[in-house]
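# Coordinates in review
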Amino acid sequence: MKSKPITRRNFLKLSAAAGAVAVVSGCTVNLQQTEYLESYVRSPEDALPGEDTWYATTCRQCPAGCGILVRVSDGRARKIEGNPIHPLNRGRLCARGHAGLQVLYNPDRLRSPVRQAQRGSAQFEPLYWEEALQQVAEHLASPRPESVAFVGGYGTTPDHLYWLARHFLQALGGLPPLLFDLYNVVDGRTVLAQTSVDLFGVEALPVFDVAEADVVFSFGAHFLETWLSPVAYSRAYGWMRRGRAGKRGVLVHFEPRMSMTAANADEWVPIRPGSEGWVALALGKIIVEENLGPADLARRYAHLYEKVDLAEAAHVSDVPVEKLRTLARAFADAHHQVAIPGGTMAGHTNAPQAIAAVHALNLVMGQVGQAGGAFLAPSPPFADFAPSPVASFTQMQDLVERMAAGQIKVLFIHGSNPVLELPAAVRFAEALEQVPLVVSFSSFVDETALLADLILPDHTYLEGWGYQVVAPAMDRPVVSAQQPVVRPLYDTRATADVLLALAQQLGGEVAQALPWPNEVAFLKEKVAELRGLGVSAEGFWTAWRQRGGWWPEGEAREVPEPSAAWNQPLEGVLPDFSGGSEEALYLLPYLSTALSDGRGANQPWLQEMPDPMTTAAWNTWVEINPETAAELGVGDDDIVRVISPYGEIEAIVYLYPAIRPDTVAIPIGQGHLQYGRYAAGRGSNPVDLLAPRVEVRSGGLAWAATRVTIIPTGRRRRLARLESNIGVEYAREVGPPG
Ligand code: SF4
């Protein structure tokens, strides 16, 4: 069926045919424009008319792993709420979590497996599952060692699927699966976990007891927006601010740009990009020198600050020494204080040293492992339930090199969109051309799926099974359950079942390594380990689905033990930047609170949601300080070219007084060329500008290490925004008064 844009006439025709789901026959179709109606006639047998049922499952809109309850009536999912007993979010949700229904009912979902005769053509031919599996199995027959690879997304690829893919690839002699997505890169998970290994001997993400803190110093941690567990931290922040009678906690935020977290702080300190560690070192030195903290700790840790020069730190960070002294006293004066090393600082080449300097503040104040202080994320007490590892940028670069060299014969991609999410300079799309078979499991035709031979759509997360080891869980380990809340709407199939079917088809050692008859059998066996003594397997399975996962009743925090690394003095390390001259501007990309790393761009509620700081929506803007804009000769709504040595994009100027004049900021999330009608052809992708710089210790992408130049284009376009800039427009047209 050739697609047509939906007109009122078409809509009425379709309505008249209620109950008949559009059928795609052997012809090629443009999937972007086809509209389907879901009929009430297809209501599930077990649905009681007029009765609501609530199902507990897990949100997959970001890697946090919040527990959700979905209201289902007449077989249709109607509303998503937070699961009140889930220890991570305790009934709360963010806007992205609420919008999850628009993933399930998205009109641009793939309805069946498809193949593309020519990659990138967007001409898809539907095929039967058996046909699709046969085609993949033929490519997998007698593979060379390390010639099969699987790229997943952390949080979007459920943990059980990660483990199943691991078994599958191991049996095939393939590479271990890699979980990589931009969200986790900007969160700084790789470098935060690596720093925990170096400083505390445990590979775990840090967690911070914001709720019980009196003073919080946040070094670029957007914990009220997107960072790690924003719902859990927002709840903790609410408690810190006004949950305790007569006590209101204080938040100070260090960052070159005023983010939403900074706007909620008592004080925003606009430091120079990449200088977070220098500020932390200076604060620590003042605390120790002036004996502001516990005296025994000042003596024990004085050596950490032997090499710190306050004047140098002030120069590097652009924060005067007197101001640093005031801040250090305010931090030390509190009963419970905590310093948080966050996402923005994790994007610099000096991230490990900077993170260590921030952790040191908690150490010298005796706040490691104390109420209102710093902890490590607890893991479930079962080896198989450690959080799935996040792939580093260097691991992805290695994969790209193997692909480009023709060493990868089959590439599976699930829940990740590397063509959009890796810097263009990595040349992932070009390397794909050398892979004979690319199989995507995406529910949508995104930029990577467009370059695949086959798309075998998985169920969406509201239709599928799974679990997620929550990382970081806050006060106890949590394994969050995922279960279908509705029957799959279309002819999609669980990727776990696809891998199991392929294993059976391949036979021999591969079939032996994956003996489970289906996904649910594997999942049941996997989670059975979590059941306590005296609980039957079936009893646990029922409770697992009713509660929405597994967690212990009481708190179980992980107290970090300082390693030998703390015997050495700390040193300030200057951040390194790529691109442009010294006069070029620092580029600060940031995750959109609505679209996050771009995965939310196909959901109109999220597109429509105004950015909390600029009120802008539906496009990409570049935030420029008015002083800098005047030097560049640009104003609000001017279109500019943003150029780095690695790429170039266009963006609309947003004059933003709350950013340093030497820095420009661009939200991540737009710039899709594909991904459905709400996302495609909208805005631009700042990731295309990034230098492929590596933070050496963790192998993470130094995503904040690029400088750019801005060139006016002479063109203008009004940015969709809620706030009015009529006054600005007027001043621009009539000039200054008098
Ligand atoms: S923080 Fe993430 S997991 Fe939690 S509700 Fe929001 S999008 Fe979902």
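Analysis parameters
- Residues numbered from 1 in each chain as written.
- Predicted model: local features only at pLDDT ≥ 70, side-chain atom pairs only at ≥ 80, totals over all residues.
- Heavy atoms only, no water.
- Helix = DSSP H or I, 4+ residues; strand = E, 2+ residues; numbered from the N terminus.
- Rg over C-alpha atoms; globule rule 2.2 N^0.38 Å.
- Buried < 20%, exposed > 50% of the residue type's maximum accessible area, 1.4 Å probe, protein only.
- Contact = heavy atoms within 4.5 Å.
- Areas by Shrake-Rupley, 256 points an atom, 1.4 Å probe, with all protein chains shown as cover.
- Lys, Arg positive; Asp, Glu negative; His and termini not counted.
- Charge placed at Lys NZ, Arg CZ, Asp CG, Glu CD.
- Expected span 1.5 Å × (residues − 1).
- Arc of directions from axis to C-beta.
- Near = heavy atom within 4 Å.
- Nonpolar A, V, L, I, M, F, W, Y, C, P; charged D, E, K, R; others polar.
- Pairing = 2+ DSSP bridges.
- Axes fitted to C-alpha atoms, helices over the stretch in contact; angles between N-to-C directions.
- Parallel < 35°, antiparallel > 145°, perpendicular 65-115°, else oblique.
- Left-handed = near helix turned anticlockwise from the far one by under 90°.
- Core = buried A, V, L, I, M, F, W, Y, C linked by side-chain atoms within 4.5 Å.
- Domains from an automatic or database assignment.
- Buried area = accessible area lost by both parts, 1.4 Å probe.
- Salt bridge = Lys/Arg side-chain N within 4 Å of Asp/Glu carboxyl O.
- Polar contact = N/O pair within 3.5 Å; in protein donor to acceptor, adjacent residues only side chain to side chain.
- Phe/Tyr/Trp six-rings, centres within 6.5 Å; stacked < 30°, edge-to-face > 60°.

### Concerning the overall build of the chain
Across its full length, the chain holds 24 helices and 27 strands. Taking 738 residues into account, the globule formula puts the C-alpha radius of gyration at 27 Å, and the chain, at 26 Å, falls close to it. Over its C-alpha atoms, taken along the principal directions, the chain stretches across nearly 75 × 75 × 55 Å. Counting only residues that meet the buried cut, the chain has 59% of its 738 residues in that class. A separation threshold of at least 6 residues defines the contact pool for the chain, and within that pool the share at least 24 residues apart is 74%. Accessible area of the chain: about 27,600 Å², with a carbon and sulfur share of 52%. Charge-centre separation for the chain: the mean point of 62 positive side chains lies 5 Å from the mean point of 80 negative side chains.

### Looking at the environment of I649
Among the secondary structure elements, I649 is positioned in strand β23 (residues 647-655). Along the backbone, I649 and S684 are 35 residues apart, and their C-alpha atoms lie at a distance of 6.3 Å. Excluding residues that lie within four positions of it along the chain, I649 makes contacts with V640, R641, V642, I666, S684, N685, P686, D688 and L689.

### Comments concerning helix α13 (residues 321-333)
With 13 residues, α13 should cover 18 Å at 1.5 Å per step; its first-to-last C-alpha distance of 18 Å lies within 8% of that length. Taken residue by residue, α13 has L324, R325, L327, A328, F331 and A332 as its buried positions. Buried residues along α13 cover an arc of 165° about the axis, so they all sit on one side. The exposed set on the far side of α13, more than 90 degrees from its buried face, consists of E322 and D333.

### A few points about the site of the ligand
In the region of the ligand, the neighbouring residues are C59, Q61, C62, A64, G65, C66, L93, C94, R96, G97, P230 and V231. Broken down by secondary-structure element, the contributors of at least two residues to the shell around the ligand are α2 (95-98) and α8 (230-242). Tallied by class, residues from the shell around the ligand come to eight nonpolar, three polar and one charged.

### With respect to the pairing of strand β21 (residues 621-624)
What you see with β21 is no split at all: W621 and E623 on one side and V622 and I624 on the other are buried throughout. Pairing of β21 with β23, which is carried by four bridges, proceeds in the parallel orientation. Within the sheet, the bridge partner assigned to V622 lies in β23 and is V653.

### Side note on the packing of helix α10 (residues 276-289) against α13
Here α10 crosses α13 at 70°, and the two axes come no closer than 9 Å. In terms of their interaxial angle, α10 and α13 are classed as roughly perpendicular. Pair α10 / α13 crosses with right-handed handedness. Here V279, A282, L283, I286 and I287 of α10 lie close against α13, whose contacting residues are L324, R325, L327, A328, F331 and A332. Grouping the amino acids of the contact of α10 with α13 by side-chain chemistry returns 10 nonpolar, no polar and one charged.

### What to know about the nonpolar core
Counting 176 residues, the largest nonpolar core has F219, F223, F254, L283 and L411 as its most contacted members. Of the residues forming this core, the biggest block, 10 residues, is contributed by helix α14 (residues 351-364). The next biggest cluster of nonpolar side chains, apart from the first, holds 50 residues, and it includes F168, W465, A496 and L523.

### As for the packing of helix α20 (residues 519-527) against helix α21 (residues 537-547)
In contact at an axis separation of 10 Å, α20 and α21 are set at 100° when each is read in the N-to-C sense. Here α21 runs roughly perpendicular to α20, going by the angle between their axes. Along its contact with α20, which presents V520, L523, K524 and V527, the element α21 presents E538, F540, W541 and W544.

### Here's the deal with the domain arrangement of the chain
Annotation of the chain at the domain level lists domain 1 (1-42), domain 2 (114-179 + 385-464 + 488-528), domain 3 (186-376) and domain 4 (585-734). Interface area, domain 3 with domain 4, both sides summed: about 2,300 Å², of which 68% is carbon and sulfur. By the criterion of area lost to domain 4, the three top residues of domain 3 are V186, R257 and T349, representing 28% of everything that side buries. At the boundary of domain 3 and domain 4, one finds three salt bridges. Linking E623 and R257 is a salt bridge whose minimum nitrogen-to-oxygen distance equals 2.6 Å. The interface formed by domain 3 and domain 4 holds 10 residue pairs in polar contact (both at pLDDT 80 or more) in total. Mapped by element, the contributors of at least two residues to the side of domain 3 that touches domain 4 are α6 (182-187), α7 (189-200), α9 (260-263) and α14. Tallied by class, the residues present in the side of domain 3 that touches domain 4 amount to 13 nonpolar, 10 polar and seven charged.

### Observations regarding the sheet that holds strand β11 (residues 267-269)
With respect to topology, four strands assemble into an open sheet ordered β11-β10-β9-β12, the strand pairing being parallel. Of all strands in the sheet, those bounded by a partner on one side alone are β11 and β12 (337-341). When the angles between neighbouring strand axes are averaged without regard to direction, this sheet yields 15°. Two elements, strand β9 (residues 215-219) and strand β10 (residues 250-254), share five bridges in a ladder whose sense is parallel. By the bridge assignment for β10, S218 is matched with H253. Together, β9 and β12 form the strand contacts of α14, whose direction differs from that of β12 by roughly 170°.

### A few points about the packing of aromatic side chains
This model, assessed by the stated rule, comprises 19 aromatic pairs. Both rings, one in F219 and one in F254, keep their centres 4.6 Å apart while their planes meet at 10°; by these two values the pair is stacked. You can see F219 sitting in strand β9 and its partner F254 sitting in strand β10, a full 35 residues away along the chain. Of the two residues, F219 and F254, both sit in the buried class. Counting every residue linked through ring pairs, the aromatic cluster contains F150, F168, F412 and F441.

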